[in-house]
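# Architecture at a glance
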Amino acid sequence: MKILTITRPDDWHLHVRNNAILRTVLPHTTQQFARAIIMPNLKPPITTVDQALSYREEILQAIPNGENFTPLMTLYLTAATPLAEIKKAAESAHVYAFKLYPAGATTNSDAGVTDIKAIYPLLAELEKQDIPLLIHGEVTREDCDIFDREREFIETSLTQITHNFPNLRIVLEHLTTLEAVKFVEAAGKNMAATITPQHLLYNRNSILTGGIHPHYYCLPILKRERHRQALVAAATSGNPKFFLGTDSAPHLTSLKETSCGCAGCYSAHAAIELYAEAFERAKALDKLEGFASFYGADFYRLPRNTNTITLKRASWTIPLSYGADETRITPLKAGEELTWKLQ
Ligand code: DOR
Ligand code: ZN
């Protein structure tokens, strides 16, 4: 196959930040995706509808001329979120979900939730208002090994959440383990999941062999090869519970290549090509369109896109970095070849 045309995809998990970084990264997303679920973990976090609306305006201003792109806003759930804010979000035309970060789990998660049981009244309201809850599913207990944090979250928190709130629509974000795949498969129709390109293409050796490679460090952290294989099987299965969410998370190169580097892989520069590579290796390119363009829209109850994008089989080298000096970002697979190119 030399040409691959699919319905225009959407990115159901994306960090675009603000200010100069936003202007550097957003064009990469808008050239391929029609819509994206925008993560709210800014400094300070986006916790109110009014903040989300002004952040949305900033994003709209950064869309390159002639591009059609719709940012789908989310709010950062905290123990202090008023029930009234959830009602207001439900009435807003631009807020599509709430994001639950366990406190300390990842970048800018300090304002996150420390005791999940304490926010059950908020989860009940989300269920009542029928707003999806997006979950960063990792425990943050210091005595829990970093490679076990997702599995432990499923056992100690997520099972109870799904039991107590059966009608709450949940997206377990950025799956990284076989256990997470099994959990989502076995759960009811209200449970879905996103999968990133890095978790389909790499295992934990990429971070730690031959030296420390900070550009493969993200959270949840890359796992063993058998987990990567389970994720590839899920993504290419045609099961509509699994859909595309890049978790593209730009950090300045200077803040990744340092003694305490930030968590996050930047993948927006070549997101659909990276997924195409993973699907082709699994001999499942025919399953890419459902994963990238249909199942997420269906879960969020939004219309599927009607236009298309075309990828061509053509080898190209990913640049070593993007952005000017003060916004320099090192992309995933920097300096390496890709076999598919967006036209
Ligand atoms: O690696 C990550 N980076 N994981 C997250 O959950 C957040 C993200 C970020 O915002 O940098
Ligand atoms: Zn994320």
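Refer to the structure printed above.
This report concerns the structure included in the present document. (Residues numbered from 1 in each chain as written. Chains lettered and ligands numbered in written order. Predicted model: local features only at pLDDT ≥ 70, side-chain atom pairs only at ≥ 80, totals over all residues. Heavy atoms only, no water.)

### What to know about the overall build of the protein chain
- The helix and strand tally for the protein chain stands at 12 helices and 11 strands.
- Against the compact-globule benchmark of 20 Å for 343 residues, the protein chain has a radius of gyration of 19 Å, which places it among compact chains.
- Taking the principal axes of its C-alpha atoms as reference, the protein chain extends roughly 50 × 45 × 40 Å.
- Each of the 343 residues in the protein chain was classed as buried or not, and the buried ones make up 58%. (Helix = DSSP H or I, 4+ residues; strand = E, 2+ residues; numbered from the N terminus. Rg over C-alpha atoms; globule rule 2.2 N^0.38 Å. Buried < 20%, exposed > 50% of the residue type's maximum accessible area, 1.4 Å probe, protein only.)

### Side note on the coordination of the zinc ion (ligand 2)
- Within the protein, the zinc ion (ligand 2) binds to His 13 (NE2), His 15 (NE2) and Asp 247 (OD); these donor distances fall in the range 2.0 to 2.1 Å.
- When the donor residues of the zinc ion (ligand 2) are listed from N- to C-terminus, their spacing reads H-x1-H-x231-D.
- Judged by its relative accessible area of 1%, His 13 falls in the buried class. (Donors = N, O, S within 2.8 Å, 3.2 Å for Na, K, Ca; no water.)

### Points about the environment of Gly 104
- Note on placement: Gly 104 falls in the loop between strand E5 (95-100) and helix H4 (120-129).
- Residue class for Gly 104 comes out exposed when judged on its relative accessible area of 52%.
- Distance from Gly 104 to Leu 83, taken between C-alpha atoms, is 24 Å for residues 21 residues apart in sequence.
- Setting aside residues no more than four positions away along its own chain, Gly 104 makes contact with Ser 109, Asp 110 and Thr 140. (Contact = heavy atoms within 4.5 Å.)

### Points about the pattern of salt bridges
- The final tally for this structure, using the stated rule, is 16 salt bridges.
- When the shortest N-O distance is used, the salt bridge between Arg 301 and Asp 130 registers 2.7 Å. Taken together, the positions of Arg 301 in the loop between helix H12 (288-299) and strand E10 (308-317) and Asp 130 in the loop between H4 and strand E6 (133-135) put the pair 171 residues apart, joining distant regions of the chain.
- Looking at Asp 130, the relative accessible area reads 34%, which means it is partly exposed.
- A salt bridge links Asp 298 to Arg 304; the shortest N-O distance between them is 2.7 Å. (Salt bridge = Lys/Arg side-chain N within 4 Å of Asp/Glu carboxyl O.)

### Some details on the sheet that holds strand E3 (residues 35-38)
- On the basis of which strands lie adjacent, the open sheet formed by eight strands has the order E2-E3-E4-E5-E6-E7-E8-E9 and parallel pairing. Two strands bound the open sheet, and with one partner strand each, they are strand E2 (11-14) and strand E9 (242-244). Ignoring strand direction, the axes of neighbouring strands in this sheet form an average angle of 30°.
- Relative to strand E7 (residues 170-172), helix H5 (residues 149-164) is tilted by about 165°, and along the sheet it contacts E6, E7 and strand E8 (191-195). (Pairing = 2+ DSSP bridges. Axes fitted to C-alpha atoms, helices over the stretch in contact; angles between N-to-C directions.)

### Structural notes on the layout of surface pockets
- Computed from the structure, the largest pocket encloses a volume of approximately 480 Å³.
- Taken together, 20 residues make up the lining of the largest pocket; nearest its centre are Arg 17, Lys 43, Thr 107, Asn 108 and His 251.
- Its residues assigned to classes, the lining of the largest pocket shows 11 nonpolar, seven polar and two charged.
- A volume near 260 Å³ is recorded for the second largest pocket.
- Lining the second largest pocket are 17 residues, and of these Thr 114, Asp 115, Ile 116, Val 139 and Ser 157 lie nearest its centre.
- Classifying every residue of the lining of the second largest pocket by side-chain character gives eight nonpolar, five polar and four charged. (1 Å grid on protein atoms, 1.4 Å probe; cavity = no way out; pocket = protein on both sides within 12 Å on 5 of 7 lines; lining within 4 Å. Points joined across faces, edges and corners; volume = space filled by probe spheres on them. Nonpolar A, V, L, I, M, F, W, Y, C, P; charged D, E, K, R; others polar.)

### What about H12?
- Taking 1.5 Å per residue, 12 residues should reach 16 Å; H12 reaches 17 Å between its end C-alpha atoms and fits that length.
- Across the 12 residues of H12, 10 count as buried, placing the element largely inside the fold.
- Turning to H12, its buried residues are Leu 288, Gly 290, Phe 291, Ala 292, Ser 293, Phe 294, Tyr 295, Gly 296, Ala 297 and Phe 299.
- Two residues or fewer after H12 comes Arg 301, characterised by a positive phi angle close to 60°. (Expected span 1.5 Å × (residues − 1).)

### Thoughts on the site of ligand 1
- With respect to spatial proximity, 14 residues lie near ligand 1, and among them Arg 17, Asn 41, Thr 106, Leu 219 and His 251 are the closest.
- Take His 136: an N or O atom from its side chain is 3.1 Å from an oxygen atom of ligand 1.
- Measuring from an oxygen atom of ligand 1, one finds a side-chain N or O atom of His 251 at 2.7 Å.
- Notes on ligand 1: free accessible area 290 Å², of which the protein chains cover 99%.
- When each cavity is represented as a set of grid points, ligand 1 is found to reside in the largest cavity.
- Broken down by class, the residue content of the shell around ligand 1 amounts to four nonpolar, eight polar and two charged. (Near = heavy atom within 4 Å. Polar contact = N/O pair within 3.5 Å; in protein donor to acceptor, adjacent residues only side chain to side chain. Areas by Shrake-Rupley, 256 points an atom, 1.4 Å probe, with all protein chains shown as cover. Sits in = over half its atoms within 2 Å of the grid points.)

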